[in-house]
Amino acid sequence: MFRRQQEGDGRAVVTEDRVMQALSKVYEPELHRDLVTLKMIKDVSIEDGVVGFTIVLTTPACPLRGRIEAEARQAVMAIPGVKQVNIKWDASVPTDNRIMGRLALPLRNTIAVASGKGGVGKTTIAVNLAVALAQSGAKVGLMDADIYGPNVPIMLGVEWRPPVKDNKIVPAVAYGVEVMSMAFLVRPEQPLIWRGPMLHSAIRQFLSDVAWGDLDYLVIDLPPGTGDAQLTLAQSVPLSGALLVTTPQQVALLDVVKAVEMFNQLQVPVLGIVENMSGDVFGQGGGRRLAERYGVPLLGEIPLDAQVRSGGDSGRPVVVAAPDSAAGKALAQMAKEVAARVSVVTLSQADVIPLTTLG
Ligand SMILES: Nc1ncnc2c1ncn2[C@@H]1O[C@H](COP(=O)(O)OP(=O)(O)O)[C@@H](O)[C@H]1O
Ligand SMILES: [Mg+2]
């Protein structure tokens, strides 16, 4: 009691400058810059030793919120005279300038979900990623660019004959995610034969002729493999980064190596690898070894779980149908890791953070 009074008597007047100074010692663990330099602090208020401020994250799906909160609180509490710290949260997803430069669309980031081969759960990952990001509060679109097997609508339980408004195709909305799929435009029995130029223009139309909202993330389910179609697609759309899906089996892992090389060649940053159907049957750890060898992060290990399959079959993704299951939790956590990686690669292109400062 005596001490606090003494401090209150002038030795320690809490000012906004002191608060900002304290917060300039707190680093955003993934962006390797402090909260003040990153302009993440706003609305500082000081009243009678009670300090309030808002931390503006680079994604509402920030996996490190707890750590940032603890460190910011500790830093400000250490200022003499501070009795209490109240932190509020906000998020502002940075815009990937490479996208804005090439498209006249309000898309902040595009995330390609790719795999070296089919059947590894690429669409399952894309769908749950999109829904989990939307659940966290982000504005999300999902573009089904798997022209060979456009099954995003089934996994989301949407049937949609897209209306046209102001010369643009209106996407469906499922679980808060705007969705566009080739399956909305063709009859199921209609065979699709694609040639390079057609593919290129079809996918460009999926961007420019669709009335996408103001999106933080557009998730794109690419066709499996690393052939011409994948190359064409990956070149037709400016991509912030690619997420590679694999299973633990050796063959699947080898295919991922090819995919990593393809994206490297295209100068599309590989966000990381997700090992799906991780567990007893196929083993575990292959994704981790691969990630280490290629120096890319492992962003999730999703267990083999019948609830994932039934979620896909019934049109209720497991992050909605069974969010507390091990698979549901692993997918939600994966979405956060992916969002954090997008922030890192997007900000590495921007002026605020020189590339060399990123780890
Ligand atoms: N973690 C998982 N556990 C159980 N089944 C899964 C899992 N991931 C995907 N599946 C199932 O495997 C099948 C193939 O998945 P899908 O996402 O369509 O693969 P891809 O898009 O790579 O061809 C689907 O029936 C899906 O429900
Ligand atoms: Mg698929």
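Residues numbered from 1 in each chain as written. Chains lettered and ligands numbered in written order. Predicted model: local features only at pLDDT ≥ 70, side-chain atom pairs only at ≥ 80, totals over all residues. Heavy atoms only, no water.

If you look at the biggest cluster of nonpolar residues, it comprises 90 residues, and the most contacted ones within it are L129, L133, M143 and F263. Discounting residues that sit within four places of it in the chain, F263 has contacts with A114, L222, A234, L239, A242, L244, V268 and V270. L31, L35, M40 and V85 belong to the second-largest nonpolar core, a separate cluster that totals 26 residues. (Core = buried A, V, L, I, M, F, W, Y, C linked by side-chain atoms within 4.5 Å. Buried < 20%, exposed > 50% of the residue type's maximum accessible area, 1.4 Å probe, protein only. Contact = heavy atoms within 4.5 Å.)

It is worth spelling out the pairing of strand β4 (residues 50–57) at this point. Burial within β4 is extensive, with 7 of its 8 residues counted as buried. The sheet contact formed by strand β3 (residues 41–47) and β4 spans 5 bridges and is antiparallel. Bridging from a neighbouring strand, E47 pairs with V50 of β4. Hairpin connection of β3 to β4: 2 residues between the antiparallel strands, including D48 at a positive phi of 60 degrees. (Helix = DSSP H or I, 4+ residues; strand = E, 2+ residues; numbered from the N terminus. Pairing = 2+ DSSP bridges.)

Near ligand 1 there are 16 residues, and of these G119, K122, T123, T124 and N276 occur at the shortest range. T123 is positioned with one of its side-chain polar atoms (N or O) 2.9 Å from an oxygen atom of ligand 1. Separating an oxygen atom of ligand 1 from a side-chain N or O atom of T124 is a distance of 2.5 Å. Protein contacts shield 86% of the accessible area of ligand 1, which totals 570 Å² for the unbound molecule. Mapped onto the shell around ligand 1, the elements with two or more residues apiece are α5 (122–135), β14 (270–278) and α11 (306–314). Per element, the largest residue contribution to the shell around ligand 1 is 3 residues, and it comes from α5. (Near = heavy atom within 4 Å. Polar contact = N/O pair within 3.5 Å; in protein donor to acceptor, adjacent residues only side chain to side chain. Areas by Shrake-Rupley, 256 points an atom, 1.4 Å probe, with all protein chains shown as cover.)

Now for the packing of helix α2 (residues 16–23) against helix α3 (residues 65–77). Packing of α2 against α3 brings their axes to within 9 Å, and their N-to-C directions diverge by 135 degrees. Relative to α3, the element α2 is oriented oblique. In this structure, α2 crosses over α3, and the sense of that crossing is right-handed. Taken together, the residues of α3 that come into contact with α2 (itself represented by V19, A22 and L23) are A72, A75 and V76. Tallied by class, residues from the contact of α2 with α3 come to 6 nonpolar, no polar and no charged. (Axes fitted to C-alpha atoms, helices over the stretch in contact; angles between N-to-C directions. Parallel < 35°, antiparallel > 145°, perpendicular 65-115°, else oblique. Left-handed = near helix turned anticlockwise from the far one by under 90°. Nonpolar A, V, L, I, M, F, W, Y, C, P; charged D, E, K, R; others polar.)

Okay, the pattern of salt bridges next. This model, assessed by the stated rule, comprises 11 salt bridges. Here E71 and R67 are joined by a salt bridge, their closest N and O atoms 3.6 Å apart. With E71 and R67 both in helix α3, this residue pair falls 4 residues apart, about one helical turn. Between D146 and K122 there is a salt bridge, with the nearest N and O atoms lying 3.5 Å from each other. Linking D146 in the loop between β7 (140–144) and α6 (152–156) with K122 in helix α5, this pair joins segments that are 24 residues apart in sequence. Accessibility expressed as a relative area gives 5% for K122, which makes it buried. Linked through salt bridges whose partners overlap, the residues forming this network are R108, D214 and D216. (Salt bridge = Lys/Arg side-chain N within 4 Å of Asp/Glu carboxyl O.)

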